[in-house]
Amino acid sequence: MGYFRENIEKVKGYEPGFQPGRADVVKLNTNENPYPPSPKVLKALAQVNAERLRRYPDPQADVFRNTAAEINGVSAENIICGNGADELLGIAMRSFCDEKRPVAYPVPTYSLYPVLAGLQDCQVIEIPFDEGFKLPAKLAKTGASLTIICNPNAPSGSFTGTDELASLASELSGVLLIDEAYVDFADENCIGLVKDFDNVIILRSMSKGYGLAGIRFGYAVGPTDLINGLMKVKDSYNVDAVSVAAAMAAIKDREYFRQVTEKVKKERTKLTDSLRQLGFEVPKSQANFVLAASKNCKASQIYDKLVERNIYVRYFDTPGLNDKLRITVGTSEQDDKLISALKEILSE
Ligand SMILES: Cc1ncc(COP(=O)(O)O)c(C=O)c1O
């Protein structure tokens, strides 16, 4: 018998997208924002003093909870902060799932979910999306303790409307967690469901729309009873003082956020059109990436040839995705470089 619990031995571990050591590459593989965070973030960081670092941070990051509550039209008691949205996913899995309490989600989706379930040793119910990434009806009937819907979904970029998720929430006996990590680039969000249902949690990330993947900050919004329960499971000081200062400055700068997300959305349309012109099949995306299916050339080959040119996109060697490339929307310059490289590769 090994040192680890059996389920830990079995889990493969999450494989994060490749982080190239060099800066002079076109990096479109991990859905970061191509633009820096608000200049107010750097100012706030410069004001972090030694005294702030000497002390433990506020255990619940109340300054952030208050501001995020105001922006989202809820109360501070409806919010829990986390060291990235990923940490909150882990907390949710530990709170709601065990050997007798399964997690369910439609696939393909964010590849961290099964890893967290494996660590928690809970049963996983994976239900394939219907054609066109439509929510499968069976999802309402799994009996799972936790159902996760990534919305917009990764890696498809597809979006399920609020009405459909409301009817799912009303049918489920367990908790519905809507992972809105990419919602900053979508036309709508589902925050309103928190007021209407006692079993809905909305998850948000500061890594995408706010360009803060480097500091690790996310938050979840939900009914007070659920948030209080999640609070018991988190580490005492799960978000540090430096991250709170950065996240606060970023979320408060609404105008900068609006400008950046609009730029990404505009560029997403241009990138989608250019890829379609090259013969890729690209469904409409509501996120800061697109999923491009290659009809004429193997996606894995295109991926390798892009790497030779120092261009990184994401390739998943899994059923349903291995003929596709997930491409983060970059700056106009980065996307132009990608498109010219693809032109070259496809004409070889
Ligand atoms: C669907 C989804 N949820 C959550 C996260 C995690 O976000 P964070 O960087 O805030 O941990 C990611 C990160 O890529 C993601 O793709």
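See above for the structure.
Residues numbered from 1 in each chain as written. Predicted model: local features only at pLDDT ≥ 70, side-chain atom pairs only at ≥ 80, totals over all residues. Heavy atoms only, no water.

Time to look at the packing of helix 5 (residues 85–96) against helix 9 (residues 224–233). Running from amino to carboxyl end, helix 5 crosses helix 9 at an angle of 100°, the nearest separation of the two axes being 9 Å. Here helix 5 is positioned roughly perpendicular relative to helix 9, judged by the angle of their axes. Facing helix 5, whose interface residues are Ile91, Ala92, Arg94, Ser95 and Phe96, helix 9 presents Leu226, Leu230 and Val233. Here the contact of helix 5 with helix 9 is composed, by residue class, of six nonpolar, one polar and one charged. (Axes fitted to C-alpha atoms, helices over the stretch in contact; angles between N-to-C directions. Helix = DSSP H or I, 4+ residues; strand = E, 2+ residues; numbered from the N terminus. Parallel < 35°, antiparallel > 145°, perpendicular 65-115°, else oblique. Contact = heavy atoms within 4.5 Å. Nonpolar A, V, L, I, M, F, W, Y, C, P; charged D, E, K, R; others polar.)

Taken together, the seven strands give an open sheet; going across it, the order is 2-8-7-6-5-3-4, and neighbouring strands pair in mixed fashion. In this open sheet, the two edge strands, each paired with only one partner strand, are strand 2 (79–82) and strand 4 (124–128). Strand-to-strand twist across the sheet, computed as the mean angle between neighbouring axes with direction ignored, equals 20°. Bridge count between strand 2 and strand 8 (residues 218–221): four bridges; the pairing is antiparallel. The residue of strand 8 that forms the bridge with Gly82 is Gly218. (Pairing = 2+ DSSP bridges.)

In this section: unusual backbone geometry. Along the chain, Val107 connects to Pro108 via a cis peptide bond; the corresponding omega equals 0°. Position of Pro108 among the secondary structure elements: in the loop between strand 3 (103–107) and helix 6 (112–120). Of note, the amide linkage connecting Ala154 to Pro155 takes the cis form, showing an omega dihedral of 10°. Within the element layout of this structure, Pro155 appears in the loop between strand 5 (146–150) and helix 7 (162–171). Of note in the backbone geometry, Phe133 takes a positive phi value of approximately 55° without being a glycine. As for its placement among the helices and strands, Phe133 is situated in the loop between strand 4 and strand 5. Even without glycine at this site, Arg216 takes up a positive phi of about 65°.

Applying the stated criterion across every chain yields a total of eleven aromatic pairs. Taking 5.4 Å as the distance between ring centres and 85° as the angle between the ring planes, the aromatic pair formed by Tyr110 and Tyr113 counts as edge-to-face. With relative accessibility at 0%, the residue Tyr113 sits in the buried group. In this structure an aromatic cluster arises from ring pairing among Tyr14, Tyr105, Tyr110 and Tyr113. Positioned over the ring face of Phe289 is Arg326, at 5.6 Å from the centre of the ring. (Phe/Tyr/Trp six-rings, centres within 6.5 Å; stacked < 30°, edge-to-face > 60°. Buried < 20%, exposed > 50% of the residue type's maximum accessible area, 1.4 Å probe, protein only. Lys NZ or Arg CZ within 6 Å of the ring centre and 35° of its normal.)

With that out of the way, let us pick up the side chain of Asn33. With respect to the element layout, Asn33 can be found in the loop between strand 1 (26–27) and helix 2 (39–46). Engagement of the side chain of Asn33 in a polar contact is seen with the backbone nitrogen of Tyr35, the distance being 3.0 Å. Among the polar contacts listed, one links the side chain of Asn33 to the backbone oxygen of Lys208, at a separation of 2.9 Å. Residues within four places of Asn33 in sequence aside, it is in contact with Phe185, Ser207, Lys208, Gly209, Tyr210, Gly211, Val260, Val264 and Asn288. (Polar contact = N/O pair within 3.5 Å; in protein donor to acceptor, adjacent residues only side chain to side chain.)

All residues adjacent to the ligand are Gly84, Ala85, Asp86, Tyr110, Cys150, Asp179, Ala181, Tyr182, Ser205, Ser207, Lys208 and Arg216. Separating an oxygen atom of the ligand from a side-chain N or O atom of Tyr182 is a distance of 2.7 Å. Here an oxygen atom of the ligand sits 2.6 Å away from a polar atom, N or O, in the side chain of Arg216. Considered on its own, the ligand offers 400 Å² of accessible surface; in the complex 92% of this is hidden by protein. Within the shell around the ligand, the residues separate by chemical class into five nonpolar, three polar and four charged. (Near = heavy atom within 4 Å. Areas by Shrake-Rupley, 256 points an atom, 1.4 Å probe, with all protein chains shown as cover.)

To continue, consider the pairing of strand 5. In terms of residue burial, strand 5 counts as a mostly covered element, since five of its five residues are buried. Examined bridge by bridge, strand 3 and strand 5 share two bridges and lie parallel to one another. Its bridge partner being in strand 5, Ala104 is matched across the sheet by Thr147. Sheet topology places strand 5 next to strand 6 (residues 175–179); five bridges connect them, and they run parallel. Its bridge partner being in strand 6, Cys150 is matched across the sheet by Asp179. Between the parallel pair strand 5 and strand 6, the chain is carried across by helix 7, and the sense of this crossover is right-handed. (Right-handed = clockwise from strand over helix to strand, strands pointing away.)

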